[in-house]
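# Structure at a glance
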Amino acid sequence: MKEFLSGLNSRKSISPIASAGTALAIILLAGQAAQADCTPAAANGVTATCSGGITNNQGAGAPGTSAGTSGYGTGVETGVGVTVSAGANTVTGTNFGINIGDGAVRIESGDTVSGAIGISGGNPGGTLFVTSLAGSTITATTGTYAIIANGRGIIDVEGTINGGSSGAIWLKGGLSSGLVLNPTSVINGIVLGTGSDALNLGGTTGGSASFDVSKLGVQYQNFGSLGAAGINNTSWTLTGTSTFAGLFVIFSGSAPVIVNGDTSSMSSTTIKAGGTLSGTGTVGNTTVNGALAPGGGTPATLNVHGSLTFSSAASYMIAVTPTAASLTNVVGTSNLGGATVNANFAAGSYVAKQYTILNATAGINGTFNPAVISNMPTLTSTLSYDANNVFLDVALLSVPTGGNGNQQAVGNALTNFFNVNGGIASDFAMLTPAGLTQASGEGATGSQQATFSAMNQFMGIMTDPFLAGRAGGAASYAEQDGGRGAYASMS
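## A few points about the overall build of the chain
When helices and strands are tallied, the chain shows six helices and 40 strands. If you take every contact in the chain between residues at least 6 apart in sequence, the share linking residues at least 24 apart comes to 54%.

And the structure:
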């Protein structure tokens, strides 16, 4: 399953996974003249491109002929790569749309592959890779399934799969086969695995989608595990109530996997490093190597019916508002393992002095990392415990060492308010030393003092009779300057 998901970021490649000894890369032929065929003819090891309109029953014949019963291939060719180029192209056949022994098929946007069975391949022991891009269609016209993987099958679906009389996809050969659903995928019909296969929720184009876990065992049958990954900010939300008893694995991704339904029937839930589980639903026995974020950014409760175990590298991410904090309720034991708590306080809210952030009815084992990560630099966030609970304790941090008198006075006033009232506006809790100075009014009073000093200097200059040119006063000036000066001095 890990190998299966490793190629989800390489959608430009014909195959998400390299197969030893098999050349599966497809060369997209730019500037090729339009032709209604697949070129070259089907044979071992070829890399073919289908374009120009409708390719009908070419089989293993020369490009442009229609002597076969398959759109392309006869079911024995190995190491084949086939791309149906984007642009309303169709590959169709009486019995099969595309029928190869081993290789990779890529159906691009706007294209269609159809036949009694749409695509068949992967001889026993071989592998069939199918990539169906958004806007493409694979259809079973009169047969059993739209896609049949006779050996190992790796099927990555963004487009639409229209099933036949038995279903949409049959991973017939097992061999740790897998199916990836993307936010744009549409599966019409049953998907049948062999018990050890993986159903994965992925995506490389972003966006969001939901998956109803009650479909496990009904539409998606005989799978061994459900995997999910928020790749390239693709967000998956799980809804419904599951009866599936397989594994649930959350892989590394840039967006969280949100569980708002009930997956507690699954035998275990594992959050891999780099993966994040959030939501307000219910999960079963859970191991956290990545991040657990109940509520997903707002205070809410996530339920664990079973045990909850953190590794030392894990993160427990909680949101805090005036009246509540994120909470995980565990019906079982919780092993904290030295994981790190990351507290995010909502701006503009009031901060209570203690919040319950985890409850375990069967007891708490160990402790979290004592160093809490917080977005409030002037709040001290510490952790405390009793037999069944973990608490986040919040206190207002005093002015850092070296703070001046005004900063200390404001800091003490805010601390007293916090202690008396049990909380304080987070805008005040986030004040830095510079912010404390501004709150003290020191800057404003300093500006006023500077203005008073300037005014005093100005008035001193205006009223000082002993500055240059003012010695003796106006009368002596009149005497020295004669009549016109005297007139001026007396007027």
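## Some words on the packing of aromatic side chains
For the structure on display, the rule yields five aromatic pairs. Look at Y145 and W170: their rings are 5.4 Å apart centre to centre, the planes differ by 35°, and that puts the pair in the tilted class. In this pair, Y145 is assigned in the loop between β12 (137-140) and β13 (147-149) and W170 in strand β16 (residues 169-171), connecting sequence segments 25 residues apart. The class of Y145 is buried, set by a relative accessible area of 8%. A relative accessible area of 26% places W170 in the partly exposed class. When the centroid spacing of 5.7 Å and the interplanar angle of 55° are considered together, the rings of F211 and Y220 count as tilted. A single burial state applies to F211 and to Y220, both of which are buried. Here the aromatic cluster, defined as three or more aromatic residues joined through ring pairs, consists of F310, Y316 and F368.

## Topic: the side chain of S235
When you line up the elements, S235 lands in strand β22 (residues 235-239). By relative accessible area, which is 17% here, S235 ends up buried. Excluding residues within four positions of it along the chain, S235 makes contact with G207, S208, A209, A255, P256 and I258.

## So, the environment of G151
Tracing the chain through its elements places G151 in the loop between β13 and β14 (152-157). Residue G151 is classed as buried on the basis of its relative accessible area of 1%. Separated by 29 residues in the primary sequence, G151 and G122 have C-alpha atoms spaced 4.6 Å apart. Each residue touching G151, except ones within four places of it in the same chain, is listed here: G121, G122, N123, P124, G125, G126, G173, G174, L175 and S177.

## Quick look at unusual backbone geometry
Cis peptide bonds are those with omega within 30 degrees of zero, and the linkage from T39 to P40 qualifies with 0°. Relative to the helices and strands, P40 resides in the loop between β1 (37-39) and β2 (47-51). Backbone geometry places S176, a non-glycine residue, at a positive phi of 60°. Here S176 shows up in the loop between β16 and β17 (178-181). Residue S176 is classed as partly exposed on the basis of its relative accessible area of 44%. We note that N233 has phi near 65°; this positive angle belongs to a residue other than glycine.

## Concerning the sheet that holds strand β3 (residues 54-56)
One open sheet accounts for six strands, arranged β3-β6-β9-β12-β15-β18; its pairing is parallel. The open sheet has two free edges, formed respectively by β3 and β18 (186-188), since each of these has just one partner strand. Across the sheet, the mean angle separating the axes of adjacent strands is 10° when strand polarity is ignored. As paired strands, strand β6 (residues 90-92) and strand β9 (residues 112-115) are joined by three bridges and run parallel to one another. Bridging from a neighbouring strand, T90 pairs with T112 of β9.

## Focus on the environment of I119
Here I119 is to be found in strand β10 (residues 117-121). Taking relative accessible area as the criterion, I119 reaches 0% and is therefore assigned buried. Sequence separation of I119 and S70 is 49 residues, and the distance between their C-alpha atoms is 9.6 Å.

## Some words on the sheet that holds strand β33 (residues 327-331)
In a beta sheet, neighbouring strands are held together by backbone hydrogen bonds and run either parallel or antiparallel to one another. One open sheet accounts for six strands, arranged β27-β30-β33-β36-β40-β39; its pairing is mixed. At either end of the open sheet lies a strand with only one pairing partner, and these are β27 (282-283) and β39 (379-385). Relative to strand β36 (residues 354-360), β33 is paired through three bridges, and the arrangement is parallel. Within the sheet, the bridge partner assigned to T328 lies in β36 and is L358.

## Things to note about the confidence of the model for the chain
Scored by pLDDT, the chain has a mean of 83; 77% of the residues are at 70 or more. Across residues 1-35 the pLDDT falls below 50, and counting only partners more than four positions away or on other chains, this stretch makes 79 contacts in the model. Counting interchain partners and residues more than four positions distant, the pLDDT-below-50 stretch residues 470-491 has 11 contacts.

## Brief notes about the state of the cysteines
For the structure shown, the criterion picks out one disulfide. For C38, the disulfide goes to C50, at an S-S distance of 2.0 Å. Since a negative S-S torsion denotes a left-handed disulfide, the C38-C50 link at about 110° is right-handed. Linking C38 in strand β1 with C50 in strand β2, this pair joins segments that are 12 residues apart in sequence. Residue C38 is classed as buried on the basis of its relative accessible area, which comes to 0%. By relative accessible area, C50 is classed as buried at 1%.

So, how was this worked out
- Residues numbered from 1 in each chain as written.
- Predicted model: local features only at pLDDT ≥ 70, side-chain atom pairs only at ≥ 80, totals over all residues.
- Heavy atoms only, no water.
- Helix = DSSP H or I, 4+ residues; strand = E, 2+ residues; numbered from the N terminus.
- Contact = heavy atoms within 4.5 Å.
- Phe/Tyr/Trp six-rings, centres within 6.5 Å; stacked < 30°, edge-to-face > 60°.
- Buried < 20%, exposed > 50% of the residue type's maximum accessible area, 1.4 Å probe, protein only.
- Pairing = 2+ DSSP bridges.
- Axes fitted to C-alpha atoms, helices over the stretch in contact; angles between N-to-C directions.
- pLDDT = per-residue confidence, 0-100.
- Disulfide = S-S within 2.5 Å.

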